[in-house]
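Summary of structural features
Now for the letters of each chain:
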Amino acid sequence: MNGIHDMGGMHGHGPIHPEADEPLWHAPWEARMLGITRAMTFPKGFNIDRFRHLRELMPPHLYLARGYYDHWYSVCVAALLDGGLVTRDEIKSGHAAPGSARRNDAARGDQVWQSQKSQGIFTRKVEEPPLFAIGQRVRARNINPAGHTRLPRYARGKVGVIQLHHGGHVFPDTNAHQQGEAPQHLYAVAFAMRELWGPDASQRDEACLDLWESYLEPA
Amino acid sequence: MNPHEHGHEHHHEGDLAHHHDIHSELPSDPALRVKALESLLTEKGLVDPAAIDAWIEIYESRIGPRNGAKVIAKAWTDPAYKRRLLSDATKAIGELDFLGRQGQHIVAVENTPETHNLVVCTLCSCYPLSVLGLPPVWYKSAPYRSRAVLDPRGVLKEFGTELPEHVKIRVWDSTAEVRYLVLPERPAGTEKLSEEQLAALVTRDSMIGVAKVKAP
């Protein structure tokens, strides 16, 4: 979707302001929210791509105004409501509705390290050989799907060169909509800054993006 | 089938977005909302508070930029390890047991006198958590995400890093589940330092690519 999250190339967001000796958390609730997100039970079939898509669907004014872990709050609440695990009244009150079911399958503290070490593997076998070879020129397709995609607007329609082949990876555009992992070959594609931003950009510099095969066509 | 056809249908995007409407009925203070969410989920058996504590503990004491610094110092002192890191970083970092969530597929990119690498995630906040820990606020912020791909030299200047015109900058936009780790240049005058002493010099910012490693 052409959302507020797709920020590459925008002006007007101001200076970066790195914080010296930045603490891990700026308030205790940030730590709790990170822990809740990692530890809570999500609806069946929920996945990281759906998490990112729900974040993109935040109203743009809230996306810009609220901090990172507050985004996670919004995503977790939206996921819980969407999956029917909680009701709006429960979110508002902070308490379970009288007589509502209580589950007993939440991840336990002693399972957390195992989860940290074993989760998050997104490589998958793809039977078809890769369509593109390292060094080949490709064009990122000009597509504007209303759903989730990982092809940023700034690269659409631009010509680049295949830099790396990462093998088969889960395809976010289908996975975010719980339409299957539909793995595809994934490539790092290098685009000249002048191709992306025009003649005023540096003639030496490049931006490399990881792009799935169906985002690309031969150029 | 064109895999993007689904984008023209309606996959309850409206319904999903609708769940965000609840914000107009909730307190603006996130501390209150998060506390209420934790109580609710605990009551319903959807979260175990001990698991929340355990995750916080992991990021406070077990996973952080010291992991990445050990990888870099080893690459600086062990040429065979450096070759393995640059050809298959996932495997090489696995040797040190630093793989994990948001860092199971890693590519290491080497800074040299000719090329400087810089990492960003313009679409969200992807970051090599398993080797660098939690990202700093600026990495997740709109100013960095918007300008790192458009004006990397200007961005680097805001971190006090000025590169000569002949150095090529390559910005890595982390649009997939591959995480990029910058192998910074080893500073001159550090020939006599041990691997451990070298690791102490390596900063988080140098492994993102916004700064160089400074000699002691």
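Residues numbered from 1 in each chain as written. Chains lettered and ligands numbered in written order. Predicted model: local features only at pLDDT ≥ 70, side-chain atom pairs only at ≥ 80, totals over all residues.

1. Quick look at the overall build of chain B
Counting secondary structure elements, chain B contains 12 helices and 4 strands. When its C-alpha atoms are laid out on the principal axes, chain B stretches across 60 × 40 × 40 Å. Among the 216 residues that make up chain B, the fraction classed as buried is 50%. Look at the contacts in chain B between residues 6 or more apart in sequence, and 70% of them connect residues 24 or more apart. (Helix = DSSP H or I, 4+ residues; strand = E, 2+ residues; numbered from the N terminus. Buried ≥ 20, exposed ≤ 12 C-beta atoms within 10 Å, placed from the backbone. Contact = placed C-beta atoms within 7 Å.)

2. Some thoughts on the packing of helix α2 (residues 48–56) of chain A against helix α4 (residues 68–82) of chain A
All names here are of chain A. Packing of α2 against α4 brings their axes to within 9 Å, and their N-to-C directions diverge by 110°. Relative to α4, the element α2 lies roughly perpendicular. For the pair α2 and α4, the crossing hand works out as right-handed. Only H71, V75, A78 and A79 of α4 make contact with α2, whose side of the interface consists of F51, L54 and R55. Split by residue class, the contact of α2 with α4 holds 5 nonpolar, 1 polar and 1 charged. (Axes fitted to C-alpha atoms, helices over the stretch in contact; angles between N-to-C directions. Parallel < 35°, antiparallel > 145°, perpendicular 65-115°, else oblique. Left-handed = near helix turned anticlockwise from the far one by under 90°. Nonpolar A, V, L, I, M, F, W, Y, C, P; charged D, E, K, R; others polar.)

3. A look at the packing of α4 of chain A against helix α2 (residues 30–43) of chain B
Taken N-terminus to C-terminus, the directions of α4 of chain A and α2 of chain B make an angle of 40°; their axes are 11 Å apart at the nearest point. Taken together, the axes of α4 of chain A and α2 of chain B lie oblique to each other. Here α4 of chain A and α2 of chain B pass one another in a crossing that is left-handed. Each of D70, Y73 and V77 of chain A in α4 of chain A lies in contact with α2 of chain B, whose residues at this interface are P30, R33, V34 and L37 of chain B. Taken together, the residues of the contact of α4 of chain A with α2 of chain B sort by class into 5 nonpolar, no polar and 2 charged.

4. Remarks on the environment of H71 of chain A
Residues and elements named next belong to chain A. In this fold, H71 is placed in helix α4. In this structure the C-alpha to C-alpha distance between H71 and D105, which are 34 residues apart in sequence, comes to 26 Å. In this structure, H71 is in contact with R55, M58 and R66, ignoring residues within four places of it in sequence.

5. With respect to the interface of chain A and chain B
On the chain B side, the residues contacting the 97 residues of chain A number 80 residues. With 9 residues, helix α1 (residues 28–39) of chain A is the single largest residue contributor to the side of chain A that touches chain B. Pairing between strand β4 (residues 206–212) of chain A and strand β3 (residues 168–173) of chain B: 4 bridges, direction parallel. Residue pairing in the sheet places A207 of chain A in a bridge with V171 of chain B of β3 of chain B. (Pairing = 2+ DSSP bridges.)

6. Things to note about the pairing of strand β1 (residues 137–140) of chain A
Residues and elements named next belong to chain A. Side chains V138 and A140 project from β1 onto a buried face, and the interleaved R137 and R139 project onto a face without burial. Pairing between β1 and strand β2 (residues 159–169): 3 bridges, direction antiparallel. Counted as the bridge partner of R139 is V159 from β2.

7. Quick notes on the pairing of β2 of chain A
With 7 bridges connecting them, β2 of chain A and strand β3 (residues 184–192) of chain A associate as antiparallel partners. The residue bridging H169 of chain A from the neighbouring strand is Q184 of chain A, located in β3 of chain A.

8. Things to note about the environment of L156 of chain B
With respect to the secondary-structure elements, L156 of chain B resides in helix α10 (residues 152–158). In this view, L156 of chain B contacts T161, L163 and V210 of chain B; residues no more than four positions away in its chain are not counted.

9. Comments concerning the confidence of the model for chain B
Within chain B, residue pLDDT values average 94, and 94% of them lie at 70 or more. In this model, residues 1–11 of chain B is a region of pLDDT below 50 whose contacts with residues beyond four sequence positions or in other chains number 19 contacts. (pLDDT = per-residue confidence, 0-100.)

10. With respect to unusual backbone geometry
Despite not being glycine, D21 of chain A shows a phi value in the positive range, around 50°. Position of D21 of chain A relative to the elements: it lies in the segment before α1. Even without a glycine there, the phi angle at D97 of chain B is positive, about 60°. Structurally, D97 of chain B is set in the loop between α6 (89–95) and β1 (106–110).

11. So, the sheet that holds strand β2 (residues 115–120) of chain B
Strand pairing in a sheet relies on backbone hydrogen bonds. The paired strands run either parallel or antiparallel. The 7 strands lie next to each other as β5(A)-β1(A)-β2(A)-β3(A)-β4(A)-β3(B)-β2(B), forming an open sheet whose pairing is mixed. Looking along the sheet, the strands with just one partner apiece sit at the ends: β5 (216–218) of chain A together with β2 of chain B. Averaged over all pairs of adjacent strands, the angle between strand axes in this sheet comes to 35°, irrespective of strand direction. Across 7 bridges, β3 of chain A lies against β4 of chain A in antiparallel orientation. Paired with F191 of chain A across the strands is A207 of chain A, a residue of β4 of chain A.

12. Describing the environment of R204 of chain B
On the secondary structure map, R204 of chain B appears in helix α12 (residues 204–208). Excluding residues within four positions of it along the chain, R204 of chain B makes contact with P65 and L132 of chain B.

13. Structural notes on α1 of chain A
Between its first and last C-alpha, α1 of chain A extends 17 Å over 12 residues, near the 16 Å set by a 1.5 Å rise per residue. With 10 of 12 residues buried, α1 of chain A is to be regarded as a mostly interior element. Considered for burial, the residues of α1 of chain A that qualify are W29, E30, A31, R32, M33, L34, G35, I36, R38 and A39 of chain A. Among the structural elements, α4 of chain A together with α2 and α3 (49–62) of chain B are those in contact with the buried residues of α1 of chain A. (Expected span 1.5 Å × (residues − 1).)

14. Observations regarding the nonpolar core
Membership of the largest hydrophobic core comes to 115 residues, with the highest contact counts inside it found for I36, V189 and L211 of chain A together with W55, I72, V171 and V202 of chain B. Here this core gets 9 residues from one element, more than from any other, and that element is α4 of chain A. Dropping the residues within four chain positions of it, L211 of chain A is found in contact with A140, L151, Y187, V189 and L216 of chain A together with T175 of chain B. (Core = buried A, V, L, I, M, F, W, Y, C linked by C-beta atoms within 7 Å.)

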